[in-house]
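The chain contents come next:
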Number of protein chains: 2
Amino acid sequence: MIPIEVTDAPATCCAPLVRETLSAQDAERLAHTMKALADPTRLRLLSIVAASDGAEACVCDLIEPVGLSQPTVSHHLKVLTEAGFLTRSKRGTWAYYALVPGALDQISGVLVAA
Amino acid sequence: MIPIEVTDAPATCCAPLVRETLSAQDAERLAHTMKALADPTRLRLLSIVAASDGAEACVCDLIEPVGLSQPTVSHHLKVLTEAGFLTRSKRGTWAYYALVPGALDQISGVLVAA
């Protein structure tokens with residue numbers, strides 16, 4: 001059986017915060033999700049995965065570009081996966097990470113002006 | 001002389017991260033800016049200011065909705081101001097905070113899919 005990590009996909013949240021005041025609960029959830037993004041290494045990893053063919057990349061191709069150890073890279077990828085931005089699948093020796101369609105758009109949608 | 005806080009407005013950054021891999025430098029700047037947002041109280045304060053008439057609010061009207069002390073609220077507003085999301089002006093007894101036009105859109109634009 002292939003191990004699949006359960007992702008806590010960013011729940012449908014919220015109306016644009018410029019239009020409607022965020023509830024305390026929505027603010028908690030949004031802040032939690034944004035914390036996963038608010039790290040330079042994670043932003044770069046997400047960007048590399050997202051810009052890869054099919055928005056998917058092997059962990060083996062993510063280590064060199066960010067110049068960190070494999071355990072460190074894997075930790076950051078785990079945070080992004082748990083926050084619902086990536087999914088992880090194992091094929092052969094390596095883990096592959098794919099962008100979750102719509103996950104970034106959801107955050108983006110909360111921040112837009114209208 | 002009226003004290004004016006210098007804002008470090010989010011510099012023009014960056015192409016959508018899905019389209020183009022973020023440079024290390026852009027990732028640092030973006031993460032720094034996103035850290036200012038990745039807090040539930042700050043998200044709520046920003047949302048209340050943004051949803052107010054003229055996208056401006058008196059600090060005196062921001063304390064009760066978030067249920068925190070004035071010094072704590074002022075601290076969070078300072079972080080948002082320094083990150084370039086708000087500007088602060090003092091009129092009479094109170095400080096007023098206004099949303100910086102385009103500041104949120106810039107972050108949003110980096111996260112969108114295209």
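Residues numbered from 1 in each chain as written. Chains lettered and ligands numbered in written order. Predicted model: local features only at pLDDT ≥ 70, side-chain atom pairs only at ≥ 80, totals over all residues. Heavy atoms only, no water.

1. With respect to the interface of chain A and chain B
Convention followed: We call two residues in contact whenever any of their non-hydrogen atoms come within 4.5 Å of each other. Put simply, buried area is how much 1.4 Å-probe accessible surface two parts lose in total, over both of them, once they are put together. Nitrogen and oxygen atoms within 3.5 Å of one another constitute a polar contact, given that in protein one can donate a hydrogen and the other can accept it, and given that sequence-neighbouring residues count only through two side-chain atoms. Asp, Glu, Lys and Arg are counted as charged, while Ala, Val, Leu, Ile, Met, Phe, Trp, Tyr, Cys and Pro are counted as nonpolar; the rest, among them Gly, fall into the polar class.
Facing 33 residues of chain A, the contacting portion of chain B comprises 32 residues. Across the chain A/chain B interface, buried area totals approximately 2700 Å², and carbon plus sulfur atoms make up 70% of it. The tally of links between chain A and chain B comes to nine residue pairs in polar contact (both at pLDDT 80 or more). For the side of chain A that touches chain B, the class distribution of residues is 22 nonpolar, four polar and seven charged.

2. A look at the packing of aromatic side chains
Spelled out, the test is: Working definition: a ring pair exists when centres of Phe, Tyr or Trp rings (six-membered ring for Trp) sit within 6.5 Å. Plane angles under 30 degrees give stacked, over 60 give edge-to-face, the rest tilted. In our convention, an over-ring charge means Lys NZ or Arg CZ found within 6 Å of a ring centre and within 35 degrees of that ring's normal.
Enumeration according to the criterion identifies zero aromatic pairs over all chains in this entry. Stacked on the ring of Tyr96(A), the Lys or Arg Arg91(A) has its end atom at 4.0 Å from the ring centre.

3. Some words on the relation of the copies chain A and chain B
Stated formally: The atoms used to superpose the copies are C-alpha atoms, taken from residues with pLDDT of at least 70 in both, and the fit is least squares.
Taken as rigid bodies, chain A and chain B are interconverted by a rotation of 180° and an axial shift of 0.0 Å, the fit giving an RMSD of 0.0 Å. In short, the pair behaves as if placed about a two-fold rotation axis. Relative to the rotation axis, the closest C-alpha in chain A is found at Ser108(A), a distance of 2.2 Å. Comparing interface residues between copies, 97% of those in chain A also sit at the interface in chain B, which points to an isologous, same-surface contact.

4. With respect to the packing of helix α2 (residues 40-51) of chain B against helix α4 (residues 70-82) of chain B
Residue and element names in this part refer to chain B. Basically, it comes down to this: Fitting a line to C-alpha atoms yields each axis, with helices limited to the stretch in contact; the angle taken between N-to-C directions then spans 0 to 180 degrees. Segments assigned H or I by DSSP are reported as helices when at least four residues long, segments assigned E as strands when at least two residues long, and all are numbered from the N terminus. These descriptions rest on fixed angle ranges, namely under 35 degrees for roughly parallel, over 145 for roughly antiparallel, 65 to 115 for roughly perpendicular, and the rest for oblique.
Packing of α2 against α4 brings their axes to within 10 Å, and their N-to-C directions diverge by 75°. Relative to α4, α2 is oriented roughly perpendicular. Each of Thr 41, Arg 42, Leu 45 and Leu 46 in α2 lies in contact with α4, whose residues at this interface are Val 73, His 76, Leu 77, Val 79 and Leu 80. The residue makeup of the contact of α2 with α4, split by class, is six nonpolar, two polar and one charged.

5. So, the pairing of strand β3 (residues 94-99) of chain B
In summary, the side chains of a regular strand alternate between the two faces of the sheet. Residue and element names in this part refer to chain B. Which entries qualify depends on this criterion: Two strands qualify as a pair provided DSSP detects at least 2 bridges between them.
Relative to β3, strand β1 (residues 56-58) is paired through three bridges, and the arrangement is antiparallel. Among the inter-strand pairings, Cys 58 is bridged to a residue of β3, identified as Tyr 96. Summarising the sheet, strand β2 (residues 86-91) and β3 pair through six bridges and their orientation is antiparallel. Following the sheet pairing, Ser 89 is matched in β3 by Tyr 96.

These results come straight from atomic positions and should not be treated as a statement about function.
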